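Here are the chains, one letter per residue:
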Amino acid sequence: MILRKIKFLNKNNINMNRLEHYWGKYYPQFVVTSYWLLGLTNNFAYVIMLSAAHDILSDQNSNSTDLPKHNSTNRFDCNELSTGAILLADILPGIAIKLVAPFFVHKIKYWKRVVVVILTNSASFLLVSLTPSNLKPLIFLGVMAASFSSSFGEITFLSLSTLYIRTLSITGWASGTGAAGLIGSFGYAALTSLGLSPSSTILLMLFIPVLMALSYIALPTVDFARSRIYSELDTDSEERDKDQTESENNAGSINNGSLKDKFKLLPPLLKFMIPLFLVYFAEYFINQGLFELLYFKNSFIKEHKLQYRWYNVMYQLAVFVSRSSIKWIKIKFLPIFPILQIINIFVFLSHIYLDYFPSIWIVFLLIFWEGLLGGGCYVNAFNQISIEIPKNVREFSIAVASIADSFGIALAGFTGKT
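This structure is a prediction, so every number in the text was calculated from the model and none was measured.

**Thoughts on the overall build of the protein chain**
Here is step 1: Looking only at helices and strands, the protein chain has 20 helices and two strands in total.
Here is step 2: Residue pairs at least 24 apart in sequence account for 85% of intrachain contacts in the protein chain once pairs closer than 6 positions are excluded.
Here is step 3: Just so you have it, the protein chain exposes about 18400 Å², and 64% of that area is on carbon and sulfur atoms.

Following this line, the structure appears as structure tokens:
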């Protein structure tokens, strides 16, 4: 019933003549802009839940007169329940869907997948913003809806990106996901700093699912994209013929192949997945396990919760910069990212135990560096996959590879929770 009411996302039901006219005239701009907005809207709920983690775990949205329960016995001023608990709720459902989706999701039309993403995205904002703070299980359900939406959307849009020109779709997607972190964390920190309650701030974000729907409608259809790709390869007829023949002979061969055939594709992906796993474990161990412990009582930002929010803003700013840099900076040696990120863990831990940073500005600079490493690893890994993996298995491979960062984040959540 719901799918019937949202059939406008099925582009076959839309008069495409006017859109195709503009697609033909401004094809690169439409693909880059649409994918930038899809990346932005897909990751927005996920970012908001992490930015609001400290508030979600406190009782400040409650009408109760009781003070929030914090651990006030030491200088760290932590919640009784670590923000790593929010991280786990924000990642575990995503891992589950990423584990199973690549093996069956090809049977579902893209527009129907987008409907699921939009509905779960909307549900996450509604549940977290409208549920009383004493009903933590229902709030966590909302966080889990954001996780499902983000992960299923990532699989959907990354797989779809393989049917477009790589330099347009991957570049737009990576930059958009980085912008989601920056705009989401900064917007949340700014609005709550101005006096808006966390619940009202999250409720305001309901425009995001609407923007996602409009962005998907504006994206050129796959058939139009394919014709565009081949027409742009006319200057190299041999390459065009090779791609066309390969596509025609092998399209769907992996999707329709056996489980054994699909598992054979995993070993070549490990050189991308292992660095992604390690770098995301390290950075989310810092973000969700250590950020709460980086508290400067004499800082110009007095409140602990405000320091936590602006840590996230600085991190997301760096992620946006690095994910938008693939057009100018390409790094093929992916192991350098986790090596440097793990060094960051020890730097932050040493300060927590020895308390030797004289200013919060040093932490801001280190967090910015941390974000550059995480975003750089993500965009370079998926860019290399889109180059090195054969076209007929690229859609499946890129969906499978996306689970690596989720496993790293989940392990960091478990570690941070303890």
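**Focus on the pattern of salt bridges**
Pairs can form between side chains of opposite charge once their charged atoms are near each other.
Here is step 1: Within this structure, the stated rule accounts for three salt bridges.
Here is step 2: The partner of Glu154 in a salt bridge is Lys98, and the shortest N-O contact between them spans 2.5 Å. Of this pair, Glu154 sits in helix α8 (residues 136-161) while Lys98 sits in helix α6 (residues 92-100), and the two are 56 residues apart along the sequence.
Here is step 3: For Glu154, a relative accessible area of 8% translates into the label buried.

**Examining the packing of aromatic side chains**
Here is step 1: Inspection of every chain in the model, using the stated rule, returns 12 aromatic pairs.
Here is step 2: Note on Phe148 and Phe152: the rings are 5.7 Å apart at their centroids and 20° apart in plane angle, and the pair reads as stacked. Here Phe148 pairs with Phe152, and both are found in helix α8, just four residues apart, close to one helical turn.
Here is step 3: Ring plane angle 80° and centroid distance 6.5 Å describe the contact between Tyr284 and Tyr315, whose orientation is recorded as edge-to-face.

**Topic: unusual backbone geometry**
Here is step 1: The phi dihedral of Asp355 is positive, around 55°, even though this residue is not glycine.
Here is step 2: The residue Asp355 is located in the loop between α17 (336-354) and α18 (360-388) in this model.
Here is step 3: Residue classification places Asp355 among the partly exposed positions, given a relative accessible area of 45%.

**A look at the side chain of Ser215**
Here is step 1: Note on placement: Ser215 falls in helix α11 (residues 207-218).
Here is step 2: At a separation of 2.7 Å, a polar atom in the side chain of Ser215 contacts the main-chain carbonyl oxygen of Leu211.
Here is step 3: The contacts of Ser215, once residues within four sequence positions are left out, are Ser34, Leu37 and Leu38.

**Notes on the confidence of the model for the protein chain**
Here is step 1: Mean pLDDT over the protein chain stands at 79; residues scoring 70 or higher make up 79%.
Here is step 2: In this model residues 60-73 is a low-confidence stretch, pLDDT under 50, and it forms 19 contacts with partners more than four residues away in sequence or in other chains.
Here is step 3: Per-residue pLDDT stays below 50 along residues 233-253; that stretch engages in 15 contacts with residues further than four places along the chain or on separate chains.

**Here we look at empty space enclosed by the protein**
Here is step 1: Counting across every chain of the model gives three cavities of 30 Å³ or more.
Here is step 2: Sorting the residues of the lining of the largest cavity by element identifies α3 (27-51), α8, α9 (166-193), α15 (270-290), α16 (304-323) and α20 (403-417) as the ones contributing at least two each.
Here is step 3: The residue makeup of the lining of the largest cavity, split by class, is 11 nonpolar, 13 polar and six charged.
Here is step 4: Counting only elements with at least two residues in the lining of the second largest cavity, the list comes to α7 (110-130) and α19 (391-401).
Here is step 5: Its residues assigned to classes, the lining of the second largest cavity shows five nonpolar, three polar and two charged.

**Re the packing of α9 against α16**
Here is step 1: The contact between α9 and α16 brings their axes to 8 Å, and the two run at 160°. In terms of orientation, α9 lies roughly antiparallel with respect to α16. Between α9 and α16 lies a crossing whose hand is left-handed.
Here is step 2: Across the contact of α9 with α16, the residue classes break down as 12 nonpolar, nine polar and two charged.

**So, the nonpolar core**
Here is step 1: One finds Leu160, Tyr164 and Tyr311 to be the most contacted residues of the largest nonpolar core, which totals 87 residues.
Here is step 2: Of all hydrophobic cores here, the second largest spans 19 residues; its members include Leu40, Met49, Ala179 and Ala180.

**With respect to the packing of α15 against α17**
Here is step 1: Their axes nearest at 8 Å, the elements α15 and α17 cross at an angle of 20°. With respect to each other, α15 and α17 are oriented roughly parallel. Judged by the twist between their axes, the crossing of α15 over α17 is left-handed. Contact residues: Pro275, Leu278, Val279, Ala282, Glu283, Phe285, Ile286 and Leu290 in α15; Phe337, Pro338, Gln341, Ile342, Asn344, Ile345, Phe348, Leu349 and Ile352 in α17.
Here is step 2: For the contact of α15 with α17, a count of residues per class yields 14 nonpolar, two polar and one charged.

**Describing α18**
Here is step 1: For α18, with 29 residues, the first-to-last C-alpha span of 42 Å sits near the 42 Å given by 1.5 Å per residue.
Here is step 2: Burial within α18 is extensive, with 21 of its 29 residues counted as buried.
Here is step 3: Of the residues flanking the start of α18, the one acting as N-cap is Ser359, its side-chain oxygen 3.1 Å from the backbone nitrogen of Trp361.

**Digging into the environment of Val47**
Here is step 1: Note on placement: Val47 falls in helix α3.
Here is step 2: Between the C-alpha atom of Val47 and that of Ser147, which follows or precedes it by 100 residues, the distance is 9.9 Å.
Here is step 3: With near-sequence residues (within four places) excluded, Val47 lies in contact with Ala180, Gly181, Gly184, Ser185 and Gln316.

Rules of the game
- Residues numbered from 1 in each chain as written.
- Predicted model: local features only at pLDDT ≥ 70, side-chain atom pairs only at ≥ 80, totals over all residues.
- Heavy atoms only, no water.
- Helix = DSSP H or I, 4+ residues; strand = E, 2+ residues; numbered from the N terminus.
- Contact = heavy atoms within 4.5 Å.
- Areas by Shrake-Rupley, 256 points an atom, 1.4 Å probe, with all protein chains shown as cover.
- Salt bridge = Lys/Arg side-chain N within 4 Å of Asp/Glu carboxyl O.
- Buried < 20%, exposed > 50% of the residue type's maximum accessible area, 1.4 Å probe, protein only.
- Phe/Tyr/Trp six-rings, centres within 6.5 Å; stacked < 30°, edge-to-face > 60°.
- Polar contact = N/O pair within 3.5 Å; in protein donor to acceptor, adjacent residues only side chain to side chain.
- pLDDT = per-residue confidence, 0-100.
- 1 Å grid on protein atoms, 1.4 Å probe; cavity = no way out; pocket = protein on both sides within 12 Å on 5 of 7 lines; lining within 4 Å.
- Points joined across faces, edges and corners; volume = space filled by probe spheres on them.
- Nonpolar A, V, L, I, M, F, W, Y, C, P; charged D, E, K, R; others polar.
- Axes fitted to C-alpha atoms, helices over the stretch in contact; angles between N-to-C directions.
- Parallel < 35°, antiparallel > 145°, perpendicular 65-115°, else oblique.
- Left-handed = near helix turned anticlockwise from the far one by under 90°.
- Core = buried A, V, L, I, M, F, W, Y, C linked by side-chain atoms within 4.5 Å.
- Expected span 1.5 Å × (residues − 1).

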